[in-house]
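# Summary of structural features
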Amino acid sequence: MSYDDEELKEIKRDVDRKLWRWGLLGVNFVAWLVGSAIVAALDPAAVEIVAPAWFGLIILHGLLVFLWIKRDHDIQAEVERRAQVRGSEKLKRDRLYRLSDDGELVEVEDTDEDYAPLKDIHR
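Values in this document were obtained by computation on a predicted structure and should not be read as measured data. (Residues numbered from 1 in each chain as written. Predicted model: local features only at pLDDT ≥ 70, side-chain atom pairs only at ≥ 80, totals over all residues. Heavy atoms only, no water.)

## Here we look at a nonpolar patch on the surface
This is how the line gets drawn: What makes a patch is a set of residues exposed beyond 30% relative accessible area and free of salt bridges, joined within 9 Å when like-charged and within 5 Å when nonpolar (Val, Leu, Ile, Met, Phe, Trp, Tyr). For the accessible areas, the method is Shrake-Rupley and the probe is 1.4 Å, while residue cover comes only from the protein chains on display. Only one rule defines a salt bridge in this text: a Lys or Arg side-chain nitrogen within 4 Å of an Asp or Glu carboxyl oxygen. Under the DSSP-based scheme used, a helix requires at least four consecutive residues in state H or I and a strand at least two consecutive residues in state E, with every element numbered from the N terminus.
Together, Phe 29, Val 30, Leu 33, Val 34, Ile 38, Leu 42, Phe 55 and Ile 59 make up a nonpolar patch on the protein surface, roughly 740 Å² of accessible area in all. Of all the elements in the fold, those that place two or more residues in the nonpolar patch are helix H1 (5-42) and helix H2 (47-93). The biggest single contributor to the nonpolar patch is H1, with six residues. Secondary-structure assignment places Phe 29 in helix H1.

Here you go:
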């Protein structure tokens, strides 16, 4: 499977965005560790308030990153599902049908000159 340049750039951009989200979560965690150590050194009583509150924000940040990635995954799955559905419908829509004299649907043949303009429009 080969990719054109635009598709490859889009794939790289998506991967970079996911890595950036996780990277920011890691930076937030490291900042929490350093910040909690600094607060503990300056005011040991304040660390009991600051550290749990900040860690709660890290948990929320992690949940947000998880939801963003799940959303991207769900969108991609839905796009692929719809492409499959369209692919199976396309086979049916490429054909042109007419109603026969006895009321049945009959596929229009290439030799039917009465329906040739319709086939050109349909394609």
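## Topic: the side chain of Arg 21
Cut-off, in case you're wondering: Here the term buried applies to any residue with accessible area under 20% of the maximum for its type, exposed to any over 50%, and partly exposed to those in between, with areas from a 1.4 Å probe on protein chains only. Any two residues whose heavy atoms approach within 4.5 Å at even a single point are treated as in contact.
By secondary structure assignment, the location of Arg 21 is in helix H1. On the basis of relative accessibility, which here comes to 13%, the residue Arg 21 falls in the buried class. With residues near it in sequence (within four places) discarded, Arg 21 still touches His 61, Val 65, Trp 68, Ile 69 and Asp 72.

## Brief notes about the pattern of salt bridges
It is possible for side chains bearing opposite charge to pair when their charged atoms get close. Tallied over the entire structure, the rule returns six salt bridges. Residues Asp 14 and Arg 17 are paired through a salt bridge, measuring 3.2 Å at the closest nitrogen-oxygen approach. Of the two residues, Asp 14 and Arg 17 are both situated in helix H1; the distance of three residues between them amounts to about one turn of the helix. One salt bridge in this structure joins Arg 81 and Glu 78, with 2.6 Å as the shortest N-O distance. Here Glu 78 and Arg 81 lie together in helix H2, a separation of three residues that amounts to about one turn. Here the salt bridges share partners, and the residues they tie into one network are Asp 14, Arg 17, Arg 21 and Asp 72.

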